[in-house]
Amino acid sequence: MSKASESILKQLKVQRQKQRAVAAMRCRCAQGGLEFEQLDTFYKAIRPYLCVAQFFGVMPLANILSRDPQDVKFKVRSLATVITGLFLLLGGLKTLIGANVLFKAGLNAKNMVGLVFLIVGIINWLNFVGFARSWSQIMLPWSSLDILMLFPPYKRCQRTLRSKVNIIVISVGCLALGEYDFLSSCFSYGTSSFAVDHALYYISGYYSYSMHIWHCQTNHSQVSFGFYLEKEFSNVLFLLPYNIFSMCYGFWLNFSFTFLWNFMDIFIMITSIGLAQRFQQFSERVLGLAGRYVPDALWYDIRRDHIRLCELTSLVDASMSSIVFVSCANNVYVICNQALAIFTKLRHPINYVYFWYSLFFLMARTSLVFMTASKIRDASLLPLKSVYLVPSERWTQEVQRFASQLTSEFVGLSGYRLFYLTRRSLFGMLATLVTYELMLLQIDAKTRKEGPICV
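What counts, and where the lines are drawn
- Residues numbered from 1 in each chain as written.
- Predicted model: local features only at pLDDT ≥ 70, side-chain atom pairs only at ≥ 80, totals over all residues.
- Heavy atoms only, no water.
- Helix = DSSP H or I, 4+ residues; strand = E, 2+ residues; numbered from the N terminus.
- Buried < 20%, exposed > 50% of the residue type's maximum accessible area, 1.4 Å probe, protein only.
- Areas by Shrake-Rupley, 256 points an atom, 1.4 Å probe, with all protein chains shown as cover.
- Polar contact = N/O pair within 3.5 Å; in protein donor to acceptor, adjacent residues only side chain to side chain.
- Contact = heavy atoms within 4.5 Å.
- Axes fitted to C-alpha atoms, helices over the stretch in contact; angles between N-to-C directions.
- Parallel < 35°, antiparallel > 145°, perpendicular 65-115°, else oblique.
- Nonpolar A, V, L, I, M, F, W, Y, C, P; charged D, E, K, R; others polar.
- Core = buried A, V, L, I, M, F, W, Y, C linked by side-chain atoms within 4.5 Å.
- Salt bridge = Lys/Arg side-chain N within 4 Å of Asp/Glu carboxyl O.
- Expected span 1.5 Å × (residues − 1).
- Patch = residues over 30% accessible without salt bridge, like charges linked within 9 Å, V, L, I, M, F, W, Y side chains within 5 Å.
- Phe/Tyr/Trp six-rings, centres within 6.5 Å; stacked < 30°, edge-to-face > 60°.
- Lys NZ or Arg CZ within 6 Å of the ring centre and 35° of its normal.
- Bend = angle between axes of the 7 residues up to and from the residue.

On to the overall build of the chain. The helix and strand tally for the chain stands at 16 helices and zero strands. Per-residue burial over the chain gives 51% buried out of 455 residues. For the chain, the accessible area works out to roughly 22,000 Å², and carbon and sulfur atoms hold 64% of it.

Pasting the structure below:
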């Protein structure tokens, strides 16, 4: 036997040994446990944030601390479901009380923002309950795909999925710092509609309250922060006496609503990053074959992996459509109301600081949702660069099928397939916002009357 033949045989033997080692490692990872925990999986990246979300009744999943995603399931008889039911009960009661107050005071386009905020919160809790019910059908194939793509022939990304998720969550979380429910302030003292930063909300709200007391009442002793909280939590004090327990309860419930509002967008971003990273790995593998001879058997394996990726994306999209739809509709509505409040006359400079910060934060967060989700679509089209470089004499039926898969199906997240989260949709939404805002300003300029501060 020649030396060249011996060298080829040795290379094939080494390659088979590596393939056996990879197959054995994949088998051990599929069984869960420590091997799976060490991988950079989507489940590992999102699990800490699901644990935090369950403190606020979001994503009622049992055994969320388990290393094995097969153990994490939705169970009706579980502590997480009980917590979610408690939040739905208390949140629904708060919404009914708020609606009663608004209907008595007179409902209009400006003071109904707080009620919309509460109703959207209840809808979001129900949407996440629905997503939790389909969690096993989503996470098991996702984890299986993670195990496949974290070993050769796929290359691992330079930045881990967990680090990307942490950057997004920490960035949005630090800017939000606890958005706040502002139901009472929607129809008193000319203060704000939606609040973004917790500190700015209290500074703006308390300053407006104190100015109202100084200008409109002779008893200035009510200017203390305690009286402000009593006014702020009037919907809570409708049922409970004024004490530290009722104040803590009010803070806790309001923070839960605002946490849910932020988590809705954060969850979309985390899911988009997880899907986009796998499509990016797939694209890098295909792009690495550019200019090389690729047999039909390899094109078949690549096409099969692409089908698995597309099926996973479709499954996630079907389960998340309600969350995406409510998120986008709510963000558009809030941005319009924030902009309308800014361009109308506010009473104090701190209100302008607060409203501008809130508006920029909302627009930045909405843009992040669209930009991160659009990466799924962008990464899914990258393999076309390699496919179009295949010479005509090597353009086989498998290559044709793969090219058809890449071009015939839209890959990405959507809101009930009515719209997709892409950059084009983002710019279309911004154009709609500008048009709608100009219309609102014209209507408000005709109907607005400068009211006294003492109302």
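A separate point is the side chain of D146. Mapped onto the secondary structure, D146 falls in helix 6 (residues 135-149). The class for D146 is buried, based on a relative accessible area of 0%. Among the polar contacts made by the side chain of D146, one reaches the main-chain amide nitrogen of F42 at a distance of 3.0 Å. Those residues in contact with D146 that sit more than four places away from it in its chain are T41, F42 and R278.

For the pair helix 5 (residues 113-133) and helix 6, the least separation of the axes is 5 Å and the interaxial angle reads 55 degrees. Judged by the inter-axis angle, helix 5 sits oblique to helix 6. Along the contact surface, helix 5 presents F131, A132 and R133, while helix 6 presents W135, Q137 and I138. Its residues assigned to classes, the contact of helix 5 with helix 6 shows four nonpolar, one polar and one charged.

Another aspect to go through is the packing of helix 4 (residues 79-105) against helix 11 (residues 244-287). Two quantities define a packed helix pair, namely the angle between the helix axes and the distance between the axes. Between helix 4 and helix 11, the shortest axis-to-axis distance is 11 Å and the interhelical angle comes to 100 degrees. Taken together, the axes of helix 4 and helix 11 lie roughly perpendicular to each other. Each of F87, L90, G91, K94 and T95 in helix 4 lies in contact with helix 11, whose residues at this interface are Y249, W252, L253, N254, S256 and F257.

This part is about the nonpolar core. Grouped together as the largest cluster of nonpolar side chains are 99 residues, with contacts concentrated most on L50, V58, M59, F128, W135 and L421. The element that contributes the greatest number of residues to this core is helix 11, accounting for 19 residues. If we ignore the near neighbours within four places in the chain, the residues touching M59 are L50, Q54, F128, F131, A132 and W135.

Turning our attention to the side chain of Q277. On the secondary structure map, Q277 appears in helix 11. Engagement of the side chain of Q277 in a polar contact is seen with the side chain of K164, the distance being 2.7 Å. With residues near it in sequence (within four places) discarded, Q277 still touches D40, C157, R159, T160, L161 and K164.

This part is about the pattern of salt bridges. Counted under the stated rule, the structure contains eight salt bridges. Taking the shortest distance from any N to any O, the salt bridge between D305 and R285 comes out at 3.4 Å. Of the two residues, D305 is situated in helix 12 (residues 296-343) and R285 in helix 11; the sequence distance between them amounts to 20 residues. When sorted by exposure, D305 lands in the same class as R285, which is buried. As a salt-bridge pair, E398 and R401 come within 3.3 Å of each other at their nearest N and O atoms. Here E398 pairs with R401, and both are found in helix 15 (residues 397-408), just three residues apart, close to one helical turn. It is possible to trace a salt-bridge network through shared partners that takes in R303, E398 and R401.

Here we come to helix 5. Taking 1.5 Å as the rise per residue, helix 5 with 21 residues should run 30 Å; its terminal C-alpha atoms sit 30 Å apart, in good agreement. When you tally the buried positions in helix 5, you get 16 out of 21 residues, the bulk of the element.

Before going further, it helps to spend a moment on unusual backbone geometry. Residues P152 and P153 are joined by a peptide bond in cis, for which omega reads 10 degrees. Tracing the chain through its elements places P153 in the loop between helix 6 and helix 7 (161-176). Positive phi, close to 60 degrees, is recorded for M59, a residue that is not glycine. Positionally, M59 belongs in the loop between helix 3 (42-54) and helix 4. The class of M59 is buried, set by a relative accessible area of 0%. Of note in the backbone geometry, N63 takes a positive phi value of approximately 60 degrees without being a glycine. By the element assignment, N63 lies in the loop between helix 3 and helix 4.

Time to look at a nonpolar patch on the surface. There is a patch of nonpolar side chains on the surface, built from F325, Y416 and L418 and spanning about 330 Å² of accessible area. By secondary structure assignment, the location of L418 is in the loop between helix 15 and helix 16 (423-447).

It is worth spelling out the packing of aromatic side chains at this point. According to the stated counting rule, one finds 19 aromatic pairs in the structure shown. Summarising the aromatic geometry, the rings of F128 and F263 are spaced 5.6 Å apart at their centres and angled 45 degrees between planes, so their arrangement reads as tilted. Of this pair, F128 sits in helix 5 while F263 sits in helix 11, placing them 135 residues apart in sequence. Aromatic rings pair up to connect F56, F128, F131, W135, F255, F259, F263 and F267 into one cluster. Between R285 and the ring centre of Y154, over which it is positioned, the NZ or CZ distance is 4.8 Å. Of note, R365 hangs over the ring of W261, and the distance from its end group to the ring centre comes to 4.4 Å.

A few words now on helix 11. Taking 1.5 Å as the rise per residue, helix 11 with 44 residues should run 64 Å; its terminal C-alpha atoms sit 62 Å apart, in good agreement. Most pronounced at F263, the bend in helix 11 amounts to some 25 degrees.

Glancing now at the environment of G288. Tracing the sequence through the fold places G288 in the loop between helix 11 and helix 12. We classify G288 as partly exposed; its relative accessible area is 42%. For the pair G288 and P383, spaced 95 residues apart in sequence, the C-alpha to C-alpha distance is 9.7 Å.

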